[in-house]
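A closer look at the structure
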Amino acid sequence: MDIIKETSFVSTRLEVCRHCQGTGQRDGKVCPTCGGQRIVRKTIEGKVTVQRLSVEK
């Protein structure tokens, strides 16, 4: 299969902390994941590859 296009990407965004549901507290203590800030920075890195299909006849 021939690679037609290949692109890498990085996506960064702020999200509500899943561990404390955005309260900043977990089990009566400061959330260890967000440090009480209620939000976290999430970074996703990846690669997209487009290939031509080989169709057998």
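Right above here is the structure, for reference.
Residues numbered from 1 in each chain as written. Predicted model: local features only at pLDDT ≥ 70, side-chain atom pairs only at ≥ 80, totals over all residues. Heavy atoms only, no water.

1. A closer look at the environment of Q37
Tracing the backbone shows Q37 in the loop between β3 (29-30) and β4 (39-51). Classification of Q37 by relative accessible area gives exposed; the value is 57%. A sequence separation of 28 residues divides Q37 from F9, and the C-alpha atoms of the two residues are 27 Å apart. (Helix = DSSP H or I, 4+ residues; strand = E, 2+ residues; numbered from the N terminus. Buried < 20%, exposed > 50% of the residue type's maximum accessible area, 1.4 Å probe, protein only.)

2. Some thoughts on the side chain of E15
Within the secondary structure, E15 is located in strand β1 (residues 3-16). Using a relative accessible area of 19% as the deciding quantity, one classes E15 as buried. Reaching out from E15, the side chain makes a polar contact with the side chain of R13 at a distance of 2.9 Å. Ignoring any residue separated from it by four or fewer positions in sequence, one finds E15 in contact with R38, I39, V40 and K42. (Polar contact = N/O pair within 3.5 Å; in protein donor to acceptor, adjacent residues only side chain to side chain. Contact = heavy atoms within 4.5 Å.)

3. Points about the pattern of salt bridges
Scanning the entire structure with this criterion turns up four salt bridges. A salt bridge links D2 to R52, with the nearest nitrogen and oxygen atoms 3.2 Å apart. Taken together, the residues D2 in the segment before β1 and R52 in the segment after β4 connect sequence positions 50 residues apart. Each of R13, E15 and K42 takes part in one network of salt bridges that share partners. (Salt bridge = Lys/Arg side-chain N within 4 Å of Asp/Glu carboxyl O.)

4. A look at a nonpolar patch on the surface
Residues I4, F9, I44, V48 and V50 make up a contiguous nonpolar surface patch of roughly 400 Å² in combined accessible area. Breaking the nonpolar patch down by element, the ones donating at least two residues are β1 and β4. The element that contributes the greatest number of residues to the nonpolar patch is β4, accounting for three residues. Looking at the secondary structure, you find V48 in strand β4. (Patch = residues over 30% accessible without salt bridge, like charges linked within 9 Å, V, L, I, M, F, W, Y side chains within 5 Å. Areas by Shrake-Rupley, 256 points an atom, 1.4 Å probe, with all protein chains shown as cover.)

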